[in-house]
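Residue-level structure breakdown
One-letter residues, chain by chain:
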Amino acid sequence: MRTVFSIIFLLFFSFYFSQEIKPLDTVKTEKQVVEDIEKANAKALTKYNPTKAGLYSAVLPGLGQYYNKKYWKIPIVWGAIGTGVGVIVYNDKQYRRYRTAYIAELNGQPHEFSNIPGVDKTVLGNTQDSAKRYRDYSIAITGLVYILGIVDAVVDAHLYEQKHDPDLALKPTIINDNVGIGQAKAGLSLSYRF
């Protein structure tokens, strides 16, 4: 009798611990499992390529913003760079003007500032140097504005997907004074949901 109970007990637990048998078409191969994992871990493709946006903006200022479809930024980029170029041209004209007068003063020739009392070679030399310094500063600042236009295009293309992320939000809000001394103020709220 003991052997009969042992056999029933063994059969009962062998069925209990047996594996479920799936049909052959639902069993995934190792390759399919790897593909599923890669698909789940793959980065979302961005709509705009940051490299292209940067190259376009480097070739022609504002073209990277056009590529990113940020048309309202194009006049800002052109205005900033155009203003810089205008200041460079003005300062270069001033430098050449004072340089010509300085050289004429050193050679003892008449120049456009000859009839002004107190203008000598020292004054003309200092004025020429300051005009040259302003021109150089203008070139450096315009170069920085040009680089900022490129950086703006690259960052805007790179962050395109994050702008449409519903878990990340920056919105206006009212900030209440918890102490009760002051009035409520307007502010911005940055919220991030996990």
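Look a little higher up for the structure.
Residues numbered from 1 in each chain as written. Predicted model: local features only at pLDDT ≥ 70, side-chain atom pairs only at ≥ 80, totals over all residues. Heavy atoms only, no water.

Some points on the overall build of the protein
Helices and strands together make up the secondary structure of the protein, namely seven helices and two strands. Ordered by position in the sequence, the α and β elements of the protein form the string α-α-α-α-α-α-α-β-β. Relative to its 194 residues, the protein shows a buried fraction of 21%. For the protein, the proportion of contacts with a sequence separation of at least 24, taken over those separated by at least 6, is 47%. Of the roughly 15,500 Å² that the protein leaves accessible, carbon and sulfur atoms contribute 63%. (Helix = DSSP H or I, 4+ residues; strand = E, 2+ residues; numbered from the N terminus. Buried < 20%, exposed > 50% of the residue type's maximum accessible area, 1.4 Å probe, protein only. Contact = heavy atoms within 4.5 Å. Areas by Shrake-Rupley, 256 points an atom, 1.4 Å probe, with all protein chains shown as cover.)

Digging into the environment of Gly54
Examined against the element boundaries, Gly54 turns out to sit in helix H3 (residues 50-59). Given the relative accessible area of 9%, Gly54 is considered buried.

A look at the environment of Ala101
Among the structural elements, Ala101 can be located in helix H5 (residues 74-107). It is 8.6 Å that separates the C-alpha atoms of Ala101 and Ser114, two residues lying 13 residues apart in sequence. Apart from residues no more than four positions distant in its own chain, Ala101 is found in contact with His111, Phe113 and Leu124.

Quick word on H3
Within H3, burial applies to Ala53, Gly54 and Ser57. Looking down the long axis of H3, one finds its buried residues gathered within 95 degrees of arc, a one-sided arrangement. Exposed residues on H3 whose side chains face more than 90 degrees from its buried face are Thr51, Leu55 and Val59. With a side-chain oxygen positioned 3.1 Å from the backbone nitrogen of Thr51, the residue opening H3 is Asn49. (Arc of directions from axis to C-beta. Polar contact = N/O pair within 3.5 Å; in protein donor to acceptor, adjacent residues only side chain to side chain.)

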